[in-house]
Amino acid sequence: MLNRKGRRWGADACVVGFSGGGVGAEFGDPLRERMVVPSLKLQDLIEEIRGAKTQAQEREVIQKECAHIRASFRDGDPVHRHRQLAKLLYVHMLGYPAHFGQMECLKLIASSRFTDKRVGYLGAMLLLDERHDAHLLITNSIKNDLSQGIQPVQGLALCTLSTMGSAEMCRDLAPEVEKLLLQPSPYVRKKAILTAVHMIRKVPELSSVFLPPCAQLLHERHHGILLGTITLITELCERSPAALRHFRKVVPQLVHILRTLVTMGYSTEHSISGVSDPFLQVQILRLLRILGRNHEESSETMNDLLAQVATNTDTSRNAGNAVLFETVLTIMDIRSAAGLRVLAVNILGRFLLNSDRNIRYVALTSLLRLVQSDHSAVQRHRPTVVECLRETDASLSRRALELSLALVNSSNVRAMMQELQAFLESCPPDLRADCASGILLAAERFAPTKRWHIDTILHVLTTAGTHVRDDAVANLTQLIGGAQELHAYSVRRLYNALAEDISQQPLVQVAAWCIGEYGDLLLAGNCEEIEPLQVDEEEVLALLEKVLQSHMSLPATRGYALTALMKLSTRLCGDNNRIRQVVSIYGSCLDVELQQRAVEYDTLFRKYDHMRAAILEKMPLVERDGPQADEEAKESKEAAQLSEAAPVPTEPQASQLLDLLDLLDGASGDVQHPPPLDPSPGGALIHLLDLPCVPPPPAPIPDLKVFEREGVQLNLSFIRPPENPALLLITVTATNFSEGDVTHFICQAAVPKSLQLQLQAPSGNTVPARGGLPITQLFRILNPNKAPLRLKLRLTYDHFHQSVQEIFEVNNLPVESWQ
Amino acid sequence: MIKFFLMVNKQGQTRLSKYYEHVDINKRTLLETEVIKSCLSRSNEQCSFIEYKDFKLIYRQYAALFIVVGVNDTENEMAIYEFIHNFVEVLDEYFSRVEPIDELPKICSALEPQQACFSPDSSSFKGAASTTPIY
């Protein structure tokens, strides 16, 4: 297999060794070699290489041949040079080093025979590149060849220039290429145009040289030239907004070309499965998309045409579907009429029902892009999307998962969750983490009742416990703690789950905590919501001991179990001998943390028995910000330990994120550290006697004005709800004090990858003039790791009949917003 | 933009490779191995587009030969899919032999290896599809 070729070996040494030492004397003597052994033809070499049965054999063949080739190069044999180089290039393609052929390429290019030139240029493309200085030497040869006027040679030279031309070469040869743009022969012209594309990529200043001919080139009829020109214009427009404005003038002409293509009948030259030149159509559509983006006028010109293409294209074959797909992408990106957008979504819906998987894949990808802006339209296709979850294809099911998570809203949450949970059970392991975190997030946003929420989290923990994020445990314990009426229910369910399976660590931790806290409710046995179960004290203790002793339990889990046992000493009515025994055994455990706890608890039994009941009372609702009570201190230490010991944290759910902006790759390096453990002094019992105190209310964070332009202002106000310290709510308010209305206002945001951002729908997209009703939009940012907050905003709106686009990063974000 | 173009047989041996962006030679073999592994592991039932690192891979199988094209995000996958088929038709026309597709590269290399290397360039030039029909 190919991985064996990844190994390097001292090629030069071996080759020299071979030609010197002489495995066969005939390879050692160049004079004799020329007379006696004719060089192998490429075909024969290939057959020999393929005939080799093992890697070692193949290497041997190639080494011998390389020695041969090197000898031949040293002799300077002009007749067979091209053949030798061709063999060398083949060997290079297989992965062996071939740098000694670089100079030969130059010699071959300089020769006058076409065969030589062809191999020479090919060698130059494959072997030379910018990093070797030798490449500059071919500049002169290329210049000569370009001005010679022999078309195939010019074609070769242009091809090579566009593949490996460095910035200096491009600058030197730009005038030559420009001349060739206007030559009559289409063969050379189309290559020259695409070489110009490469030159612009390497040296952007050359755009000014290649911009003027474009308008004239668009009038050509030859499809090759048109295709090249469209690519050139696309590249120019992507690089500079000035070029973009300049080329908006040609939109009518592009529309005309495309219309001719679409309405043209069958033409043998250009038709591919019934569609005339789909590649050109796709390129034109892409260019129209770039030109029409955010520009009302151009978009209007294109509307009719897009509708025509969408309806007239034959979709029975792939070529037609490719064109249709590009049309849909264009409709989505420009300022199209509402009817057209509905048409686009319907086309995508039709694609989803197609049996061809490729088409379904592209449909799912595009729907994901659409879901932010046309949410209701996409909702109509929800059943089909959910169907796609059941696909066996990994790419398709991943897309379907992202789209399904984006489509969850408060009305369909129960049904969707059921589907997603079914999916979680059967999905491939790499999707599990995303699915689990997506389900948990959606449950948090849309949970209709607390009980449903708890059930959902429980289900996720049982099915995919090892893939959930670190804070799932903390979230669940807090949720249960807050739901007073559900204590009995939760503890009963958790006990059952634990009794079945003690391997899923997050589940075990939550269950242990719950049993410890609410053990009395468990034993009381009178919960209405599920069937009554008589649980014995001894069973509970046995279960917790099993967790303690199991080799599958992490140290953090053991900590939870030990604490739970301790708490049960006050909740249970029997005597505490068994508990005392366990606690004293762990007093000599090797794990320091566990040992310390055990020793403390033991002391609690012996010397401070009168305080035990008070200390081990039921916990109040955990405030994760404030100063800690003793149980809470241990809780946070356990959580910290868990995040160290837990498996790789999952990627934040990205489906809600508009990724039109580059995501900031903030200080993600240092974010991965778990919160530091504070070392508790050994044996000191002072912290056991700390009384819980009320945490001070968080100070309000000041508002921030982030943007101001011609009377349009953008303000951010921050709220951090005390019950969820990882959550930050930002309200963005856009006000307009100018004389003109602001319309089509869209605000998009991006945050570093370690945070999660959700944008809610804005209150509107128009701000009337002179202080009219502002637009507000809510951003929710989840920042469990307390990473520094960075925020990049992109605003687009129309003001005074001009479209404005601003992208900026928000500076001076108050520290309280993320600490 | 097309990043690379590979023709690989079922055993994983590269028959033709063309890179439109510079990639180190030892990274190339690594890349090819991984790409081929992901393509070979897919069944007929699955779709032809794979996400691999920051490329998208679009592959098409012809008997024992796989043609894989790596593109970046801006390309229309279905157009590339069509382009692969177009390329194979061009090769067929040019070398005027239609069957055993694995023999095709042998023929290419037998007759004019340079042609085979250049024909990706005539249809797709520096990462952009250039001419469509079979000129």
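Located above this text is the structure these notes cover.
Owing to the predicted nature of the structure, the values given are computational and were not obtained by experimental measurement.

A. Representation of the overall build of chain B. Counting secondary structure elements, chain B contains four helices and seven strands. Moving toward the C terminus, one meets the helices and strands of chain B in the order β-β-α-β-β-β-α-α-α-β-β. For chain B, the proportion of its 135 residues judged to be buried stands at 65%. Counting contacts in chain B only where the partners sit at least 6 residues apart, residues at least 24 apart contribute 48% of the total. If you sum the accessible surface of chain B, you get close to 5200 Å²; carbon and sulfur atoms cover 51% of it.

B. Region of interest: the packing of aromatic side chains. Enumeration over the complete set of coordinates arrives at eleven aromatic pairs over all chains. The interplanar angle of 90 degrees and the centroid separation of 6.0 Å between the aromatic rings of A:Trp513 and A:Tyr518 together place this pair among those described as edge-to-face. By relative accessible area, which is 3% here, A:Tyr518 ends up buried. Between B:Phe49 and B:Tyr81, the aromatic rings sit 6.3 Å apart at their centres with planes inclined by 85 degrees, giving edge-to-face as the arrangement. One end of the pair, B:Phe49, is in strand β3 (residues 49-52); the other, B:Tyr81, is in helix α2 (residues 77-95), with 32 residues separating them in the sequence. Summarising the burial analysis for this pair, B:Phe49 and B:Tyr81 share the class buried.

C. Region of interest: helix α26 (residues 429-446) of chain A. Over its 18 residues, α26(A) runs 26 Å from end to end, which matches the ideal 26 Å to within 8%, given 1.5 Å per residue. For α26(A), the buried fraction is high: 13 of the 18 residues fall into the buried class.

D. Structural context of the pairing of strand β9 (residues 791-799) of chain A. Residue and element names in this part refer to chain A. For β9, the buried fraction is high: eight of the nine residues fall into the buried class. When strand β6 (residues 742-750) meets β9, the two strands line up antiparallel, connected through seven bridges. Bridged to alanine 749 within β9 is leucine 793. Relative to strand β10 (residues 802-810), β9 runs antiparallel, the two being bridged by nine bridges. Bridged to histidine 799 within β10 is glutamine 802. As consecutive antiparallel partners, β9 and β10 are separated by two residues, and within that stretch phenylalanine 800 has a phi angle of approximately 50 degrees, a positive value.

E. The sheet that holds strand β5 (residues 727-736) of chain A, seen in detail. All names here are of chain A. Pairing is antiparallel across the open sheet formed by five strands, whose spatial order is β3-β4-β5-β8-β7. Looking at strand neighbours, the two that pair on one side only are β3 (704-709) and β7 (756-759), the edges of this open sheet. Strand after strand, the sheet turns through a mean of 20 degrees between neighbouring axes, direction not considered. Pairing analysis gives eight bridges linking β5 to strand β8 (residues 775-782), with the strands arranged antiparallel. The partner of leucine 727 across the bridge, within β8, is leucine 782.

F. Inspection of the sheet that holds strand β4 (residues 55-62) of chain B at higher detail. Residues and elements named next belong to chain B. Taking strand neighbours across the sheet as the criterion, the five strands line up as β2-β1-β5-β4-β3 in an open arrangement whose pairing is antiparallel. Of all strands in the sheet, those with a lone pairing partner are β2 (14-19) and β3, marking the two edges. Shown here is a sheet whose adjacent strand axes are inclined to one another by a mean of 20 degrees, direction ignored. For strand β1 (residues 2-9) and strand β5 (residues 65-71), the ladder comprises seven bridges, and the chain directions are antiparallel. By the bridge assignment for β5, methionine 7 is matched with isoleucine 67.

G. The packing of helix α25 (residues 413-426) of chain A against helix α27 (residues 450-464) of chain A, seen in detail. All names here are of chain A. Running from N to C, α25 and α27 point in directions that differ by 10 degrees, and their axes come no closer than 10 Å. It follows from the interaxial angle that α25 and α27 lie roughly parallel. Along its contact with α25, which presents Val413, Arg414, Met417, Gln421, Leu424 and Glu425, the element α27 presents Trp452, Thr456, His459, Val460, Thr463 and Ala464. Residue composition of the contact of α25 with α27, by class: six nonpolar, four polar and two charged.

The rules behind each value
- Residues numbered from 1 in each chain as written.
- Chains lettered and ligands numbered in written order.
- Predicted model: local features only at pLDDT ≥ 70, side-chain atom pairs only at ≥ 80, totals over all residues.
- Heavy atoms only, no water.
- Helix = DSSP H or I, 4+ residues; strand = E, 2+ residues; numbered from the N terminus.
- Buried < 20%, exposed > 50% of the residue type's maximum accessible area, 1.4 Å probe, protein only.
- Contact = heavy atoms within 4.5 Å.
- Areas by Shrake-Rupley, 256 points an atom, 1.4 Å probe, with all protein chains shown as cover.
- Phe/Tyr/Trp six-rings, centres within 6.5 Å; stacked < 30°, edge-to-face > 60°.
- Expected span 1.5 Å × (residues − 1).
- Pairing = 2+ DSSP bridges.
- Axes fitted to C-alpha atoms, helices over the stretch in contact; angles between N-to-C directions.
- Parallel < 35°, antiparallel > 145°, perpendicular 65-115°, else oblique.
- Nonpolar A, V, L, I, M, F, W, Y, C, P; charged D, E, K, R; others polar.

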